[in-house]
Amino acid sequence: MKGPTRRKPVAPAAPLKGTCVDLSYEGKGVVKTEDGIYFVPGMFPGESGEIEFAYRRTGVAFGKVRKLDVVSKDRVEPRCKICSACGGCCFQQYAYEAQLRHKTALVKEQFRKVAKTEIDPLPCIGMDNPYFYRNKIQMPFGKDKKGNLYCGFYKEGTHVIVPVNTCYIEDERAKLVLEAVKKLGKSFRIEPYQEDAGYGFLRHVLIRCAKHKDEVMVVLVTASDNFPSRSNFVKALIKECPFITTVVQNVNSRHTNVILGEFERVLYGPGFIEDILCGIRFRISAKSFYQVNPIMTETLYGKAIEAAGLTGTETVFDAYSGIGTIGMVASKHCKNVISVEIVKEAVADARKNAKANHIENVSFYCGDASSFMVQMAEKKQNVDVVFLDPPRKGSDERCLNAICKLKPQKVVYVSCDPSTLARDVAYLKKSYDLISVQPVDMFPHTQHVETVAMLRLKDSKK
Ligand code: SAH
């Protein structure tokens, strides 16, 4: 007879000695231990010491630093004292120059690994002052035992809120709004929504701040439309924060991780804010995508337009166009622009933006970029340059295939995910050569990086 089966321990009991040899795609230290590889947040290459087991997910072990024996020369004192617990800024303890070097290397590595392409990206362009840059802030709310509201970020992989009072990467006006919502929320007896129980009212507060105009939008995301003290709450909020220019209620009654729901009600002001980017005025509604780092967006678009090498005669296609930003900036340097975006509110913003800026050579279509690209290829439409700026999951084979048929001279791919960028570039390689890769640090202190890649049609003269 067999003896009782012994379960393998899920966690090694004793602390482990380890050395950090690299940083993972998610910005965690890759730590070699006698028990194999552990992914450890807040540990940087060259460091060694004691770590302890934290959890295992899909066969991968994650650890926590217990004690460092060897400390990296790139380790710095973080401004934010809760950056380790919050998990939003995995690199606040890593010197900014080292972050930029890491991001350049990460982009190179993705091209090597995923696209089997050796390319040296240009050095990642960083910010002069990499703090308080985020113009969009969204936080879930909770309530403590004394009935005080708090807000913060979800601890990685959980629905547990890590309370945050000051966030060093967010526009400083957001803090004032969140303080006011916490205070008023208590006096108006607003119940924060509890994800797991599906009970409560206030799900998230989303704040959007214009960089170049004094405009701030507050979106109260609620689980139901029924908001009894609606107008008094809004009046009190504006009194606390007179710089708020518009308040929107967004109703999201679904059991989902998606923050915004379909239904919206403007409670105060025009329902949108306006900002200025590359000299153009843009109106932005709650549901429209707008880049989160307005300072680096100007650098990013500048690099994208430069890569396109526009001379004034080109027809440009702006796919995944949001509120029309890249296309409108490009419109000054080319003959005409065709823009496609799937969110109808963003397309409505884009049309109004073009009108307000007296831009007449851009046309906007609402639809799926791939289907649109396929139709353009079928019609053998002439396009000289394609800008692609898809969401994190990247583009798809239908779209990329249609580009190879359409044969624009250049494809300028703007991406917030180097892995899907490299995958899509590998697909385009049958018709295109990869000419240049420029990472831009849109998200200092986080693991994310934005990249502009320029591809030229094979055997093209231009
Ligand atoms: N170029 C814009 C937006 C980039 S974000 C800017 O720089 O601001 C990516 C955009 O792609 C979002 O606006 C999103 O709504 C849109 N999108 C997502 N899937 C799409 C699809 N299948 N077809 C067209 N647009 C899509």
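The following refers to the structure shown. These numbers were taken from a predicted model, which means no experiment stands behind them. Numbers given for residues are sequential positions, taken from 1 along each chain in its written order. Only residues with pLDDT of at least 70 get local features here, since the model is predicted, and only at 80 or more are side-chain atom pairs given and counted; chain-wide, interface and lining totals rely on the full set of residues. Think of the side-chain values as coming from all heavy atoms in the structure, minus any hydrogens and water.

### Focus on unusual backbone geometry
- Of note, C278 is a non-glycine position whose phi angle comes to about 50°, a positive value.
- Helical segments are the DSSP runs of H or I of at least four residues, strand segments are the runs of E of at least two, and each set is numbered from the N terminus. By the element assignment, C278 lies in the loop between β13 (272-277) and β14 (280-285).
- Residues other than glycine seldom take positive phi values, yet H358 does so here, at roughly 55°.

### Regarding the packing of helix α3 (residues 172-187) against helix α4 (residues 230-240)
- Orientation is described by lines fitted to C-alpha atoms, with helices fitted over the stretch in contact, and by angles between N-to-C directions that extend from 0 to 180 degrees. Axis separation between α3 and α4 bottoms out at 10 Å; the angle between their running directions is 140°. When the axis of α3 is compared with that of α4, the two are oblique. Remark: the crossing between α3 and α4 carries right-handed chirality. Residues A180, V181, K183, L184 and G185 of α3 pack against F233, A236, L237 and E240 of α4. Roughly parallel refers to an angle under 35 degrees, roughly antiparallel to one over 145, roughly perpendicular to one between 65 and 115, and oblique to any angle outside these ranges. A crossing counts as left-handed when the near helix is turned anticlockwise from the far one by less than a right angle, and as right-handed when that turn is clockwise. In this analysis, two residues are considered to be in contact whenever any of their non-hydrogen atoms come within 4.5 Å of each other.

### Examining the site of the ligand
- In these notes, residues near a molecule or strand are those with any non-hydrogen atom within 4 Å of it. In the vicinity of the ligand lie 16 residues, with Q291, Y301, E341, D368 and D389 positioned nearest.
- At 2.8 Å from a nitrogen atom of the ligand is found a side-chain nitrogen or oxygen belonging to D389.
- Note on areas: Shrake-Rupley with a 1.4 Å probe; residue coverage comes only from the protein chains shown. Starting from 580 Å² of accessible surface for the ligand in isolation, the protein chains cover 88%.
- Throughout, the ten residues Ala, Val, Leu, Ile, Met, Phe, Trp, Tyr, Cys and Pro are labelled nonpolar, Asp, Glu, Lys and Arg are labelled charged, and all others, Gly among them, are labelled polar. Taken together, the residues that form the shell around the ligand break down as 8 nonpolar, 5 polar and 3 charged. Two N or O atoms count as a polar contact when they lie within 3.5 Å, although within protein this holds only if one can serve as hydrogen donor and the other as acceptor, and sequence-adjacent residues are included solely when both atoms are side-chain atoms.

### Observations regarding the nonpolar core
- Here, the term nonpolar core denotes a set of buried Ala, Val, Leu, Ile, Met, Phe, Trp, Tyr and Cys residues that are joined through side-chain atoms within 4.5 Å. Between buried and exposed lies partly exposed: a residue is buried under 20% and exposed over 50% of the maximum accessible area for its type, with that area taken using a 1.4 Å probe on protein chains only. Counting residues in hydrophobic clusters, the biggest one holds 125 residues, and the most contacted among them are F111, F317, M373, F387 and L388.
- It is helix α5 (residues 294-308) that provides the largest number of residues to this core, a total of 7 residues.
- Counting contributing residues per domain, this core is built from domain 2 (112-126 + 293-457) and domain 3 (136-277), each supplying no fewer than three.
- Residues within four places of F387 in sequence aside, it is in contact with A304, I305, A308, V316, F317, D318, A319, I326, A330 and V412.
- Core analysis: the next-biggest nonpolar cluster, separate from the first, contains 9 residues, L16, C20, I51 and F53 among them. The start and end points of each domain follow an automatic or database-based domain assignment.

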